[in-house]
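# Survey of secondary and tertiary structure
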Amino acid sequence: MICYNPFWQTLKESKETTYTLINQHHISSATLDKLRKNKPMNTTTLNDLCIILGCKLSDIAEYIPSNSDQTL
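Analysis parameters
Residues numbered from 1 in each chain as written. Predicted model: local features only at pLDDT ≥ 70, side-chain atom pairs only at ≥ 80, totals over all residues. Heavy atoms only, no water. Helix = DSSP H or I, 4+ residues; strand = E, 2+ residues; numbered from the N terminus. Buried < 20%, exposed > 50% of the residue type's maximum accessible area, 1.4 Å probe, protein only. Arc of directions from axis to C-beta. Polar contact = N/O pair within 3.5 Å; in protein donor to acceptor, adjacent residues only side chain to side chain. Salt bridge = Lys/Arg side-chain N within 4 Å of Asp/Glu carboxyl O. Phe/Tyr/Trp six-rings, centres within 6.5 Å; stacked < 30°, edge-to-face > 60°.

## A few points about the overall build of the chain
What the chain contains, in helices and strands, is four helices and two strands. Reading the chain from its N terminus to its C terminus gives the helix and strand order β-α-α-α-α-β. Its C-alpha atoms give the chain principal-axis dimensions of about 40 × 20 × 20 Å. Residue burial in the chain is summarised as follows: out of 72 residues, 31% are buried.

Okay, structure coming up:
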C-alpha cells in the first residue's frame, strides 16, 4: 500500500498550508482528500507536490506492505 503520511509532516515543516496548496498552487481539495485517505494518486500530481514543497518523493509517499495488496 502506498501511504501518504510523510506528506503531512513535510507540509507541516514547509511554508505551505492546505489553504495555499488549494488557492495559490491550484491543488484540488479532492487531491488533498486522496492524500488523507491513501487513495491512488497521479504521478504528475506527486511531481507537482515535490516541486511546490521542494522535496523528494520519499518526503511525500512511502510503500508499506499490506495483506490487502493485490497479488500479482
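Having seen the structure, we can now continue with the description.
## Side note on helix α4 (residues 43-53)
Residue pairs three or four apart in sequence face the same way in an α-helix, which turns once every 3.6 residues. Among the residues making up α4, those that are buried are Thr45, Leu46, Leu49, Cys50 and Leu53. In an axial view of α4, the angular spread of the buried residues amounts to 145 degrees, which keeps them on one side of the axis. Where α4 begins, the side chain of Asn42 points an oxygen toward the backbone nitrogen of Thr44, at a separation of 2.6 Å. Downstream of α4 by a residue or two, Gly54 has a phi angle that is positive, lying close to 60 degrees.

## Examining the pattern of salt bridges
Overall, the coordinates contain two salt bridges when judged by the stated rule. Two residues, Lys15 and Glu16, come together in a salt bridge whose shortest N-O distance is 3.0 Å. Owing to a relative accessible area of 74%, Lys15 belongs among the exposed residues under this scheme. Residue class for Glu16 comes out buried when judged on its relative accessible area of 7%. With a closest N to O distance of 3.3 Å, Asp33 and Lys37 form a salt bridge.

## Topic: unusual backbone geometry
Look at His26: it is not a glycine, yet its phi comes out positive at around 60 degrees. Considering the arrangement of structural elements, one finds His26 in the loop between α2 (18-23) and α3 (29-36). Here Asn38, not a glycine, exhibits a phi torsion of approximately 55 degrees, which is positive. With respect to the helices, strands and loops of the structure, Asn38 is situated in the loop between α3 and α4.

## Here we look at the packing of aromatic side chains
Within the structure shown, the criterion is met by one aromatic pair. Note on Phe7 and Trp8: the rings are 4.8 Å apart at their centroids and 80 degrees apart in plane angle, and the pair reads as edge-to-face. On the basis of relative accessible area, Phe7 is assigned to the buried category, the value being 0%. You can call Trp8 partly exposed: its relative accessible area is 25%.

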